Amino acid sequence: VQLQASGGGLVQPGGSLRLTCAASESRFNIVAMGWYRQDPGKQRELVAAITDTGSIDYADSVKGRFTISKDSAKNTVYLQMDSLKPEDTAVYYCNAVGRDWELALHDFWGQGTQVTVSS
């Protein structure tokens, strides 16, 4: 599975950005997609994820501000980020979990997209 992420950039505090991640067609059945972020010197952390059945998980720090959604027909996931804070600044990575024909799960990562929140 190849993941193509877009939508990062520079925004002022309180502003909004929308990240998009499209997964290529493949032999894997995608069971979940999501976004992680990473600051230099820190571990990569989950921001939000959504499963193929629609279950959603958010990091506590983004609840109420970020919204994850998906278009299953397009294998695309979106992250709407509102009320952005400087502490949201990080490289954001798209993730997909795919199941193969033997039901084994595999992790796939897109290229990172920089989100900078600064005045």
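Before any of the text, the structure's been laid out above.
So, here's what we can say about the structure. Counting restarts for each chain, with residues numbered from 1 along the sequence as it is written. A pLDDT threshold of at least 70 governs which residues receive local features in this predicted model, and a stricter bar of 80 or more applies before side-chain atom pairs are shown or counted, although totals over entire chains, interfaces and linings include all residues. Side-chain numbers here rest on the full set of heavy atoms in the structure, without hydrogens or water.

**Quick notes on the sheet that holds strand β7 (residues 66-71)**
Rules: A pair of strands is considered paired only if DSSP assigns at least 2 bridges between the two. Note on conventions: DSSP H or I runs of at least 4 residues are helices, E runs of at least 2 residues are strands, and numbering of each starts at the N terminus. Note on geometry: axes are lines fitted to C-alpha atoms, helical ones only across the stretch in contact, with angles between N-to-C directions running from 0 to 180 degrees.
With antiparallel pairing, the four strands of this open sheet are ordered in space as β1-β3-β8-β7. For this open sheet the edge positions go to β1 (3-6) and β7, each flanked by a neighbour on one side alone. On average, each strand axis in the sheet is tilted by 15 degrees relative to the strand beside it, whichever way the strands run.

**Re the pattern of salt bridges**
Applied cut-off: Should a side-chain nitrogen of Lys or Arg be within 4 Å of a carboxyl oxygen of Asp or Glu, the pair is scored as a salt bridge. Using a 1.4 Å probe on the protein chains alone, a residue whose accessible area is under 20% of its type maximum counts as buried, one over 50% counts as exposed, and one in between counts as partly exposed.
With the rule as written, the count across this model stands at five salt bridges. The partner of Lys63 in a salt bridge is Asp60, and the shortest N-O contact between them spans 3.1 Å. Assessed through its relative accessible area of 64%, Asp60 is described here as exposed. A salt bridge links Arg65 to Asp88; the shortest N-O distance between them is 2.7 Å. Residue Arg65 is found in the loop between β6 (56-58) and β7, and its partner Asp88 is found in the loop between β8 (76-81) and β9 (90-99); the two are separated by 23 residues along the sequence. The class of Arg65 is buried, set by a relative accessible area of 11%. In this structure Asp88 comes out as buried when scored by relative accessible area, which is 1%. Through salt bridges that share partners, Arg37, Glu45, Arg65 and Asp88 make up one connected network.

**Focus on unusual backbone geometry**
The phi torsion at Asn75 lies on the positive side, around 50 degrees, for a residue other than glycine. Even without being a glycine, Ser83 presents a positive backbone phi close to 50 degrees. Here Ser83 lies in the loop between β8 and β9.

**Details of the layout of surface pockets**
Selection criterion: Both site types are read off a 1 Å grid over the protein atoms alone. A 1.4 Å probe that fits but cannot get out defines a cavity, while an open set with protein on both sides within 12 Å along at least five of seven lines defines a pocket; lining residues have an atom within 4 Å of a point. Grid points are joined across faces, edges and corners, and a volume is the space filled by probe spheres set on the points. Put simply, Ala, Val, Leu, Ile, Met, Phe, Trp, Tyr, Cys and Pro go in the nonpolar bin, Asp, Glu, Lys and Arg in the charged bin, and everything else, Gly too, in the polar bin.
Taken as a whole, the largest pocket holds about 200 Å³ of empty space. Residue lining of the largest pocket: 17 residues in total, with Ile30, Met33, Asp52, Ser72 and Asn75 positioned closest to the centre. Breaking the lining of the largest pocket down by element, the ones donating at least two residues are β4 (29-38), β5 (45-51) and β7. The leading source of residues in the lining of the largest pocket is β4, at five residues. Within the lining of the largest pocket, the residues separate by chemical class into six nonpolar, seven polar and four charged.

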